[in-house]
Number of protein chains: 2
Amino acid sequence: MSKGGPHGEPRVAIAVHGGAGRLLRARPGPSTNVRAGGRSNELLAETPRAAASPDVAGGLSQEQQAHYHSELRRALEAGHAVLAQSGSSLDAVVAAVALLEDSPGFNAGRGSVLNHEGHVEMDACIMHGQGLRSGAVAGVRGVRNPVLAAREVMNSPYVLLAGSGAESFAQERNLRMETPEYFVTASRLSQWRRLVGEPVADDELPAAEQDGHEFGTVGAVALDAHGDLAAATSTGGLANKRWGRVGDSPIVGAGTYADNRSAAVSATGQGEAFLRIAAAHDICARVRYLGVTLTEAVRAVIDGELAAVGASGGVIAMDRDGNVVFGMNDLGMFRGSIDVHGVVTTAIYADE
Amino acid sequence: MSKGGPHGEPRVAIAVHGGAGRLLRARPGPSTNVRAGGRSNELLAETPRAAASPDVAGGLSQEQQAHYHSELRRALEAGHAVLAQSGSSLDAVVAAVALLEDSPGFNAGRGSVLNHEGHVEMDACIMHGQGLRSGAVAGVRGVRNPVLAAREVMNSPYVLLAGSGAESFAQERNLRMETPEYFVTASRLSQWRRLVGEPVADDELPAAEQDGHEFGTVGAVALDAHGDLAAATSTGGLANKRWGRVGDSPIVGAGTYADNRSAAVSATGQGEAFLRIAAAHDICARVRYLGVTLTEAVRAVIDGELAAVGASGGVIAMDRDGNVVFGMNDLGMFRGSIDVHGVVTTAIYADE
């Protein structure tokens, strides 16, 4: 934890995440063994020397940790710079999420996982706490920054666009498109080859399969000087996903929600579970209807609802006073915040 | 209102809807004038003699009303027959919704509206109140009964599948597929030609445009003899929709939700608004957290939240005691129920 810059004047705050997972249980080694024990951590494979780095024992190496702390801090600072100039929380979460999309170490934008057919298909959502305006894209290919596409959707008559239609929309709005080569990193290609080489039952992916490859979703929540909350989430989804699978990230109320009357929330984890419990909206509903604190609401949803459906993951949340809550039932979540006092915090493990 | 059959033994109930709209304001005439005044009612065009029926003055003709009452009753009876034999609420809502999908008079399955490119692209969702299991498909073509596809998704590791991937999934599960000719009715084709012949701004569809063509979504909620709630919704979405637009119907928490701890809900109306307010989940959250009755929760969401974002529509909802609530802020909603006493009710106008 360290003091932030001298921007303490407006009451603004931002928090980001870069995915949750069982970070302490990771046992990097030869790539064919990464999934051993049913607990893989694909995030490890995203830093340059991760694949067989001998200095990694029971978790991330010091170098890897430093890399993630640095990327989280850059995202926070990008968003906070917007807020410090009285910019909107929408612009702030876009700036933070777009930076993490461009960073190949996370499962969003560049560096996204590949679906079963070997394509990067991305989801993103954005929501403004004032007026509940929102926009989202699901299953888009080629869009460099899905969060920018989501924002354009928010400014259209629609809320959610999917597939090739959403890609056409992004192109019509002159958003930057990239070739597949831009998105696909060597480690994601290696991950995909490993996954498709194995027999994957259509009916029932083993739980470990679902556990291991969602992590790396990115998101941000922010409060601006005008008192408005916003949230954004972006992801490549589940590695080796099939049949046009869409998770919680682009779904208003599931992976993303913002309401000035309660809170802003961005989630990461087993998307299907977050969809079923309408996680982000449920946190906001508890704050609004039960009158509990944001911390209590997050805890009830993560430890109660999410656990009840047997799933894991985490959320970042912010209330109207700029209080930041990190909640997770995994052993770690890449996360950070710049609070209303300008204090910058970044963390990885749950006990940090 | 009339007495239902002699199945009064188990405490079961079912309710259905076939879309909400400004039914009393409809002024059928030559098709080029149907949209006059900014208030069209495309449902009218779905009955055989609607296009220029001289005996229609300020609303549906007696014949048209009788047709819709009959179709709603058939759907109710199909679902109730399942419940009366101690079948599950899931099977009941599937039976009711599938029947309405097959009926060309509603905007779901056969008789769905066409998107901007002239294709039928359908959305459906199903959810079980016990364990919050759910499944949904978005933007699927060729699947005869999207609600059956949603149910298959519920039995997979996924919750939401979209586009061609979802179609492949449906085919792999041996669901019945149909050619475009099956889905496209003459009146929907006529509607589409009228819509695409007009200049439609990309940025801003006039409000009336959004108002007029969503209606006809179908849905059902049910309580079975085991005490389990379920909900299902199916739709062709918005007429002339572009860019892979997805509305609230296939979104868990927005157009569809079921939780044994609170209620089962299926919505219809301006989908974007229902997404933004997470309407179905919000109704359930209010029951659960505020301790209000289902009627109060529905009223707060329809008259409060939905109105606050300037939108219209309706919901059907059922609590664990089988109490049915119909809520709408339009002038009508095709709807009906068979209550716990076996009483069959069908209605169209708001004041019925």
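So, here is what we can say about the structure in this document. (Residues numbered from 1 in each chain as written. Chains lettered and ligands numbered in written order. Predicted model: local features only at pLDDT ≥ 70, side-chain atom pairs only at ≥ 80, totals over all residues. Heavy atoms only, no water.)

A closer look at the packing of aromatic side chains
Residues and elements named next belong to chain A.
Logical step 1: Using the criterion set out here, one finds 12 aromatic pairs over all chains in the structure.
Logical step 2: Between Tyr68 and Phe106 the ring centres are 5.3 Å apart and the planes differ by 75 degrees, which places this aromatic pair in the edge-to-face class. With Tyr68 in helix H1 (residues 62-84) and Phe106 in the loop between helix H2 (89-102) and strand S3 (122-128), this pair connects stretches of sequence that are 38 residues apart. As far as burial versus exposure is concerned, Tyr68 and Phe106 are alike and both buried.
Logical step 3: Joined through ring pairs, the aromatic side chains of Tyr68, Phe106 and Phe334 make up one cluster.
Logical step 4: Positioned above the aromatic ring of Phe326, the side-chain terminus of Arg335 is 5.8 Å from the ring centre. (Phe/Tyr/Trp six-rings, centres within 6.5 Å; stacked < 30°, edge-to-face > 60°. Helix = DSSP H or I, 4+ residues; strand = E, 2+ residues; numbered from the N terminus. Buried < 20%, exposed > 50% of the residue type's maximum accessible area, 1.4 Å probe, protein only. Lys NZ or Arg CZ within 6 Å of the ring centre and 35° of its normal.)

Considerations on helix H4 (residues 163-172) of chain A
Residues and elements named next belong to chain A.
Logical step 1: Every buried residue belonging to H4 is among Gly165, Ala166, Glu167, Phe169 and Ala170, and all of these are buried.
Logical step 2: Residues of H4 that are buried in the fold lie against strand S4 (134-140), helix H3 (146-154) and strand S5 (160-162).
Logical step 3: Among the residues trailing H4, Asn174 stands out with phi positive, at a value near 65 degrees. (Contact = heavy atoms within 4.5 Å.)

Here we look at the layout of surface pockets
Logical step 1: Taken as a whole, the largest pocket spans an internal volume of roughly 760 Å³.
Logical step 2: Lining of the largest pocket is provided by 41 residues; of these, A:Gly163, A:Ser164, B:Ala162, B:Gly163 and B:Ser164 occupy positions nearest its centre.
Logical step 3: Elements that contribute at least two residues to the lining of the largest pocket include exactly S4, H4 and strand S8 (245-246) of chain A together with strand S4 (134-140), helix H4 (163-172) and strand S8 (245-246) of chain B.
Logical step 4: When grouped by side-chain class, the residues that make up the lining of the largest pocket number eight nonpolar, 16 polar and 17 charged. (1 Å grid on protein atoms, 1.4 Å probe; cavity = no way out; pocket = protein on both sides within 12 Å on 5 of 7 lines; lining within 4 Å. Points joined across faces, edges and corners; volume = space filled by probe spheres on them. Nonpolar A, V, L, I, M, F, W, Y, C, P; charged D, E, K, R; others polar.)

Some details on the relation of the copies chain B and chain A
Logical step 1: The two copies are related by a screw operation: chain B maps onto chain A through 180 degrees of rotation and 0.0 Å of translation along the axis, at an RMSD of 0.0 Å. Such values leave the two copies arranged in the relation of a two-fold axis.
Logical step 2: Most of the interface of chain B is mirrored in chain A: 100% of its interface residues are interface residues there too. (Least-squares fit on C-alpha atoms with pLDDT ≥ 70 in both.)

A short note on the sheet that holds strand S9 (residues 256-258) of chain A
Residues and elements named next belong to chain A.
Logical step 1: With respect to topology, four strands assemble into an open sheet ordered S9-S10-S11-S12, the strand pairing being antiparallel. Either end of the sheet is taken by a strand with one partner, and the two such strands are S9 and strand S12 (324-328). Strand-to-strand twist across the sheet, computed as the mean angle between neighbouring axes with direction ignored, equals 10 degrees.
Logical step 2: In the sheet, strand S10 (residues 263-269) pairs with strand S11 (residues 313-319) via seven bridges, with the strands oriented antiparallel. Across the sheet, Ala264 pairs through a bridge with Met318, a residue of S11.
Logical step 3: Against the sheet, helix H10 (residues 294-308) engages S10, S11 and S12, with an angle of about 160 degrees to S11. (Pairing = 2+ DSSP bridges. Axes fitted to C-alpha atoms, helices over the stretch in contact; angles between N-to-C directions.)

A short note on the interface of chain B and chain A
Logical step 1: On the side of chain A, 50 residues touch chain B, which itself brings 50 residues to the contact.
Logical step 2: With both sides pooled, the region where chain B packs onto chain A buries about 4,000 Å², and carbon together with sulfur makes up 57% of that total.
Logical step 3: In this structure, the connection of chain B to chain A is made through six salt bridges.
Logical step 4: We note a salt bridge from A:Arg242 to B:Glu172, for which the minimum N-O separation is 3.9 Å.
Logical step 5: Taken together, chain B and chain A are joined by 25 residue pairs in polar contact (both at pLDDT 80 or more). (Buried area = accessible area lost by both parts, 1.4 Å probe. Salt bridge = Lys/Arg side-chain N within 4 Å of Asp/Glu carboxyl O. Polar contact = N/O pair within 3.5 Å; in protein donor to acceptor, adjacent residues only side chain to side chain.)

Describing the packing of helix H1 (residues 62-84) of chain B against helix H2 (residues 89-102) of chain B
Two measures define how a pair of helices packs: the angle their axes make with one another and the distance between the axes.
Residue and element names in this part refer to chain B.
Logical step 1: In the contact formed by H1 and H2, the axes pass within 8 Å of each other and the chain directions differ by 155 degrees. On the basis of their axis angle, the class for H1 and H2 is roughly antiparallel. Judged by the twist between their axes, the crossing of H1 over H2 is right-handed. Taking contact as the criterion, the partners of Glu71, Arg74, Ala75, Ala78, Gly79, Val82 and Leu83 in H1 are, on H2, Ser89, Asp91, Ala92, Ala95, Ala96, Leu99 and Leu100. (Parallel < 35°, antiparallel > 145°, perpendicular 65-115°, else oblique. Left-handed = near helix turned anticlockwise from the far one by under 90°.)

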